[in-house]
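# Examination of the molecular architecture
Here's the letter readout for the chains.
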Amino acid sequence: MTMKRLINLKRTEARRIFITYSAVVIAYVIFQVMSSSGFLSSSMRGMLVPICAYMVMAVSLNLVVGISGELSLGHAGFMSIGAFSGVASAILMQSTITNAPVRLALAMIVGAIFAAIAGFLIGIPVLRLKGDYLAIVTLAFGEIIKSILNNFYFGVDAQGLHFSMLTDTTRLLKGGRLIIRGPMGISGIMKIATFPMGFILVMISLMVVFNLVNSRSGRAFMAIRDDRIAAESIGLDITKYKMMAFVTSAALAGAAGALFAMNYSTIVANKFDFNTSILILVFVVLGGQGNMLGSIIAAAALTVLPEKLRGFSDYRMLLYAIILIVTMLGTNNAEIREFFTKLNPFRRKEEA
Amino acid sequence: MTKRIFTCALLILAMSSCAFGAPFKLGGTAPLTGGAAIYGTAARNGAAIAVEEINAKGGDIQFELRYEDDTHDAEKAVNAYNALKDWGMQLSLGSVTSKPCEATAAENFSDRIFALTPSASSAAVTEGKDNVFQMCFVDPNQGTASAQYIGEKGFAKKVAVIWKNDDVYSKGVYDTFIEAAPKYGLNIVSDTTFADGNDTDFSVQLTDAKDKGAELVFLPMYYQPASLILAQAQAMGYAPKWFGIDGMDGILTMEGFDKSLAEGVMLLTPFNADAKDELTVKFVAKYKEKHGEIPNQFAADGYDCVYAYYQALTQAKANADMSAEELCTKMIEQFTTMTFNGVTGENVKWSANGEVTKDPKGMVIKNGAYVGLD
């Protein structure tokens, strides 16, 4: 975001963006220092990368749900496309590009590209719909992506790349490697995802989303969200703008998927099912639609919470649900919100 | 009053003097909630019984067991593993199910914490890791062993297979079964699949098997879909022989399942709760008393894992002050050389890549209980 643009923005908006960036940077610095000085438990250290991935997922879904106002229930599908294409490309590049961070960055770019293509193709039919219909169709596409990946085989040998569907008919030569093995997913992934890379991805996605939202297109998104007919009457191309938001969101989700997958040694398509899509939607709703900082905090809090509740053993998911309900009720209660705005030190006097 | 305090103090003194050194911290992740919870809780209960028995012996080797829930998900399994690491885990029981265990095994490998998984059976769990060992058969072996067993016992010539094509376990067994079938004179007449989400109606698969005249249906899957298959086959009047693998174990303890449906179902599992040897009888009695049900193979695997550790630690003269890394080196040494006798098999040996060698046992369900086939 250029300085000039930042100044031109409404001051409240500029302040909000500034707070979001600085919150992310401060949190990163604190955790990075704690992690390298050994103050962080293994449990927390292990969650840093997935938290970054979920933050990006939440921010990208917020672009679709919060800014352009379409309920998408298949966001995990894009994450899985990014995860599978990213990891597969990282494995293919393993011998040529030995520098792990570079390989990870390239894998995330590949993941983003594939997810963007999928987002575009899915967007063509989906974005002609609206409201509940759109939600149901995105749900269906999420499931379709999962099924396809569960039946997809992809291998490499001396003769090049081989694909097959349903059953493994790749017939690899000796020394070849079957990378994607249908329901068995990908095994033996080199764990190259790191917290700094996760942080960079979070910052990039925030920049992309903020720049987009505060551009001419971003205002078009919101105009369409608020009144579709009025927006159409002044000549806004509804499908084009919706597609722009949808594809951007899919690309970011793809990069997040690649980051997430490369934090584990194995990945299966079933991981990215309907439940994961809903989980990400919960981040967005809890954090506030259109509120990026909220999404980021919600993603971090709801990833850490189940781990912190381990002490309650079998009751922990019950407690998790109760805490979620109480938080949702609390954040939507006008009196409680007012109480928190009063506590806000950044609040300017004239607003009060 | 003073007398009482005195005796109390004496008692405490006595207890602490015969305290047997610090316990080894043994940790594992398992699905304790969710769809696969029956396996996780069984393995945990089995391991807990073994730990209790060993600690009661009062020898030098004592265990402290802790299980964390992984909900059968690789991401949660790594979180659970890290929580155990924070607790100070010295020896690991890996994870109970395959995919989560693949993820935690990679952590075990990089952290140099030795792992012996009770039941994670996919080949990728141990592949390329010198410190991860399995107590159960590796999936590919189950497929070959099933084909061999069916062929050699002459149960059927025409065989149908119904398998789950989005599941690591099912796919692993299916692949090798299909490969081995022709060798043992089996003719696969029907080969149908299902997946998550369409695992409630099996009429298409069963009709196909019936129309093609399959005499035996092979079910390489977990018991939940299998229970529905059995019920739906009965409803359509189709009564072939049924053959399952270790995932079928547990069908009798499933809530709301009509046990008569499973009558005559055969399965290949390393553990036979009906066996008359002393070890098994003792274990089954204790499990029944504590948990009110017959232990399945997962419980037996968990039980054996702890005893295998006990034997290896005794032989290695290890003590609990050793770091996880030291123990890891010692355990690799022991497990690749020792022979273990447990409830899931005699003369159990491990190869250097962590796979186990033992004989599978054929079982059949009769009058609502597992009975040995031989």
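Relevant structure appears above.
Throughout what follows, the structure given in this document is the object of discussion. (Residues numbered from 1 in each chain as written. Chains lettered and ligands numbered in written order. Predicted model: local features only at pLDDT ≥ 70, side-chain atom pairs only at ≥ 80, totals over all residues. Heavy atoms only, no water.)

Taken together, the contact pairs 27 residues of chain A with 29 residues of chain B. Across the chain A/chain B interface, buried area totals approximately 2400 Å², and carbon plus sulfur atoms make up 47% of it. On the surface where chain A and chain B come into contact, there are 4 salt bridges. A:K271 is the salt-bridge partner of B:D73, the closest N and O atoms lying 2.9 Å from each other. The interface formed by chain A and chain B includes 16 residue pairs in polar contact (both at pLDDT 80 or more). With 6 residues, the top contributor of residues to the side of chain A that touches chain B is helix α3 (residues 42-67) of chain A. Among the residues making up the side of chain A that touches chain B, the classes are represented as 11 nonpolar, 10 polar and 6 charged. (Contact = heavy atoms within 4.5 Å. Buried area = accessible area lost by both parts, 1.4 Å probe. Salt bridge = Lys/Arg side-chain N within 4 Å of Asp/Glu carboxyl O. Polar contact = N/O pair within 3.5 Å; in protein donor to acceptor, adjacent residues only side chain to side chain. Helix = DSSP H or I, 4+ residues; strand = E, 2+ residues; numbered from the N terminus. Nonpolar A, V, L, I, M, F, W, Y, C, P; charged D, E, K, R; others polar.)

Quick look at the sheet that holds strand β2 (residues 160-165) of chain A now. All names here are of chain A. Spatial ordering of the open sheet is given by β2-β1-β3, a layout of 3 strands whose pairing is antiparallel. Unpaired on one side and paired on the other, β2 and β3 (177-181) mark the two borders of the sheet. Ignoring strand direction, the axes of neighbouring strands in this sheet form an average angle of 20 degrees. Summarising the sheet, strand β1 (residues 152-157) and β3 pair through 4 bridges and their orientation is antiparallel. Along β3, the bridge assignment pairs V156 with R177. (Pairing = 2+ DSSP bridges. Axes fitted to C-alpha atoms, helices over the stretch in contact; angles between N-to-C directions.)

Here we come to the side chain of A:K146. Among the secondary structure elements, A:K146 is positioned in helix α6 (residues 131-150). Beyond its immediate chain neighbours, meaning those up to four positions away, A:K146 contacts A:A269, A:N270, A:F272 and A:D273.

Another point: the packing of aromatic side chains. Residue and element names in this part refer to chain B. As enumerated under the stated definition, the model contains 37 aromatic pairs over all chains in all. Note on F177 and F218: the rings are 4.0 Å apart at their centroids and 25 degrees apart in plane angle, and the pair reads as stacked. In this pair, F177 sits in helix α6 (residues 168-180) while F218 sits in strand β8 (residues 216-219), placing the two residues 41 residues apart along the sequence. Since its relative accessible area comes to 0%, F177 is described here as buried. Between the aromatic rings of Y307 and Y310, the centroid separation amounts to 6.2 Å while the plane-to-plane angle is 90 degrees, which identifies the pairing as edge-to-face. Here Y307 pairs with Y310, and both are found in helix α10 (residues 297-316), just 3 residues apart, close to one helical turn. For the pair Y307 and Y310, a shared accessibility class is recorded, and that class is buried. Members of the aromatic cluster, connected to one another through ring pairs, are F114, F133, Y309, F335, F340 and W350. (Phe/Tyr/Trp six-rings, centres within 6.5 Å; stacked < 30°, edge-to-face > 60°. Buried < 20%, exposed > 50% of the residue type's maximum accessible area, 1.4 Å probe, protein only.)

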